[in-house]
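So you can see what is in the structure, the chains are spelled out below.
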Amino acid sequence: MKTRNVVFAILAVLAAVPACGQDRDAMSRWAEESGKTLVRFLPNASQWNMTVDPDPLFSGPANETYDYKGADSLMRKYPSYVVNQDWWYNDPALAEERSQLQKEKSEFKQEETRKMEEFEQTHSAEMKAWDEAQKEKQNSLAQQADPLLKQGRYAEAAKILQSFTPQPYAPFKELADSIDKKQKEMDERDRALQIRRRMVTFQIQTNRTPTTTAPAFHPAPLGTLAGHPFFRQVRGTLDMGGRKQTLVDLAVFVGPPGYVNPKVKIGERQLAVKSVVVWAMVQSLPNSIDADEAAARKVLESVDYNGLSALIEP
């Protein structure tokens, strides 16, 4: 379950609008180099009781808005690039439960196949006879309705055709329902275990501030962390089918005080890094959010902010 993993689409306007003097190849090279550079600064959270998600990290130009005014369209002067990677909080008890469930699923699949094969061997003749009887009944009703259809007496014909509803072979339906019930039970257990998983997404984004990284976020300043302005989004909740998860977002800003990325015409954009935001987006449970937030903050403290500061151009 990949909940709240922020997905950033590549800005469509870069492909659709002429560069107006800006070399698209230069933009592509800049994006590629930005990705390679920023990925190196993503933290390693393993020593804080976390395991990295096996799925590839995300890397790409960040989603941006622009004021469409034809040739005078406005965009932010410095384009934004983002990388992020998910980490899971280690939970040995939960891992054991998930492992046991996967074992049960595998064994159940083998048992299901065995039961189906045995049923086919035992009941094939009866099932075939049942199906043929059903078809004969339908054909008989169709023959009765045909003259009425030719006479345009559609309501009467429909009444005849609808007087019979084919039924599945009862012993097979009983077996299929039993298998389906067990499968749904295990799926529900799987969903419940997935919801109990806790994760944190570490993200680095250029040319934004904590309050402009995502317009829906309103993190409040909370002093400093590692010598840089520190922000925290008030905790929220996520309803996962009646089960609550608790969310909190932490951010560290690297850049000049009061930084604003001005709007300019597309052709006046510049490929430079003027600020960096490092995020820790925590998704936890009510009884573990305090410890998980504290661990995420420790990981943020380990980031190489001096290296990130060196990327910023005056």
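Reading guide: rules and limits
- Residues numbered from 1 in each chain as written.
- Predicted model: local features only at pLDDT ≥ 70, side-chain atom pairs only at ≥ 80, totals over all residues.
- Heavy atoms only, no water.
- Helix = DSSP H or I, 4+ residues; strand = E, 2+ residues; numbered from the N terminus.
- Expected span 1.5 Å × (residues − 1).
- Buried < 20%, exposed > 50% of the residue type's maximum accessible area, 1.4 Å probe, protein only.
- Core = buried A, V, L, I, M, F, W, Y, C linked by side-chain atoms within 4.5 Å.
- Contact = heavy atoms within 4.5 Å.
- Axes fitted to C-alpha atoms, helices over the stretch in contact; angles between N-to-C directions.
- Parallel < 35°, antiparallel > 145°, perpendicular 65-115°, else oblique.
- Nonpolar A, V, L, I, M, F, W, Y, C, P; charged D, E, K, R; others polar.
- Salt bridge = Lys/Arg side-chain N within 4 Å of Asp/Glu carboxyl O.

Compared with the 38 Å implied by 1.5 Å per residue over 26 residues, the 37 Å span of helix 5 (residues 170-195) between its first and last C-alpha is a close match. Inspection of helix 5 places L175, I179, M186, D190, A192, L193, Q194 and I195 among the buried residues, and these make up the whole buried set.

Looking now at the nonpolar core. Judged by nonpolar contacts, the single largest core of 35 residues is most densely connected at M50, V200, F202, I204, L300 and Y305. Looking at which element gives the most residues to this core, the answer is helix 6 (residues 289-301), with five residues. In this structure L300 touches F202, L225, F230, L250, V252, V278, W279, A280 and Y305, once residues within four positions along its chain are discounted.

Packing of helix 3 (residues 92-150) against helix 5 leaves a shortest axis separation of 10 Å and a crossing angle of 170°. Viewed along their axes, helix 3 and helix 5 adopt a mutual orientation that is roughly antiparallel. Of the residues in the contact of helix 3 with helix 5, the class split is 12 nonpolar, three polar and 10 charged.

A complete count under the given rule lists 18 salt bridges for this structure. Of the charged contacts, one joins K36 and E32 as a salt bridge, the two residues approaching to 3.4 Å between their closest N and O atoms. Taken together, the positions of K36 and E32, both in helix 2 (residues 24-39) and four residues apart, correspond to about one turn of that helix. Exposure remark for E32: the relative accessible area of 46% places this residue in the partly exposed category. Connected through salt bridges with shared partners, the residues R232, R235, D290 and E293 form a single ionic network.

Their axes nearest at 8 Å, the elements helix 3 and helix 4 (residues 154-161) cross at an angle of 175°. Between helix 3 and helix 4, the crossing angle belongs to the class labelled roughly antiparallel. For the pair formed by helix 3 and helix 4, the contact residues are L141, A142, Q144, A145, L148 and L149 on the first element and Y154, E156, A157, I160 and L161 on the second. A per-class count over the contact of helix 3 with helix 4 returns nine nonpolar, one polar and one charged.

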